[in-house]
Amino acid sequence: MSNITTETLDGVRDVLISSLELQQTPADLQPDTPLFGALPELDSLGVLALVTDLEERFDITVDDEEFGADLFETVGTLTDFVEAKLRAR
């Protein structure tokens, strides 16, 4: 995992919990916590809600071709993606 910031990680955790209505606490969602395939809430509708909320929270745009299972593999891969988007602004 790259050098993600605590601020971005905390934001991604918050969005995951609120978008997917998870019962986990932010501390439960570590960078190596699996997402896609591990969270039943992360289905096709959950992915759309999550991406929409991430775009709003971080003021980023996720293009259709960027969607992929690897993006949602773990909390860390998702946070790395958001960090890369923030750096590219």
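Predicted model, so just to flag it, every value in this text is computed and none were measured. (Residues numbered from 1 in each chain as written. Predicted model: local features only at pLDDT ≥ 70, side-chain atom pairs only at ≥ 80, totals over all residues. Heavy atoms only, no water.)

Participant: An account of the pattern of salt bridges is requested, with residue identities and associated values reported.
Facilitator: Across all of its chains, the model carries 5 salt bridges by this definition. Among the ionic pairs, Asp14 bridges to Arg57, the shortest N-O distance being 3.7 Å. Remark: Arg57 occurs in helix 2 (residues 44–58) and Asp14 occurs in helix 1 (residues 6–20); sequence separation between them is 43 residues. By relative accessible area, Asp14 is classed as partly exposed at 33%. Between Arg87 and Glu83 there is a salt bridge, with its nearest N and O atoms 3.5 Å apart. Linking Arg87 with Glu83, this pair stays in helix 3 (residues 75–88), spanning 4 residues, or about one helical turn. (Salt bridge = Lys/Arg side-chain N within 4 Å of Asp/Glu carboxyl O. Helix = DSSP H or I, 4+ residues; strand = E, 2+ residues; numbered from the N terminus. Buried < 20%, exposed > 50% of the residue type's maximum accessible area, 1.4 Å probe, protein only.)

Participant: So what's going on with unusual backbone geometry? Residues and values would help.
Facilitator: Unlike most non-glycine residues, Glu21 shows phi in positive territory, near 50 degrees. Relative to the assigned elements, Glu21 resides in the loop between helix 1 and helix 2. Even without a glycine there, the phi angle at Asp59 is positive, about 55 degrees. Along the chain, the position of Asp59 falls in the loop between helix 2 and helix 3. Here Asp59 falls in the exposed class, since its relative accessible area comes to 57%.

Participant: Lay out helix 2 in plain terms, naming residues and giving numbers.
Facilitator: Helix length check: helix 2, at 15 residues, gives a terminal C-alpha distance of 21 Å against a target of 21 Å (1.5 Å per residue), a fit within 8%. All of the buried residues along helix 2 are Gly46, Val47, Leu50, Val51, Leu54 and Phe58. End-on view of helix 2: buried residues confined to an arc of 130 degrees, all on one side of the axis. Exposed residues pointing more than 90 degrees away from the buried face of helix 2 are listed as Leu45 and Glu56. Against the buried residues of helix 2 lie helix 1 and helix 3. Taken from the residues just after helix 2, Asp59 is the one with a positive phi, measuring 55 degrees. (Expected span 1.5 Å × (residues − 1). Arc of directions from axis to C-beta. Contact = heavy atoms within 4.5 Å.)

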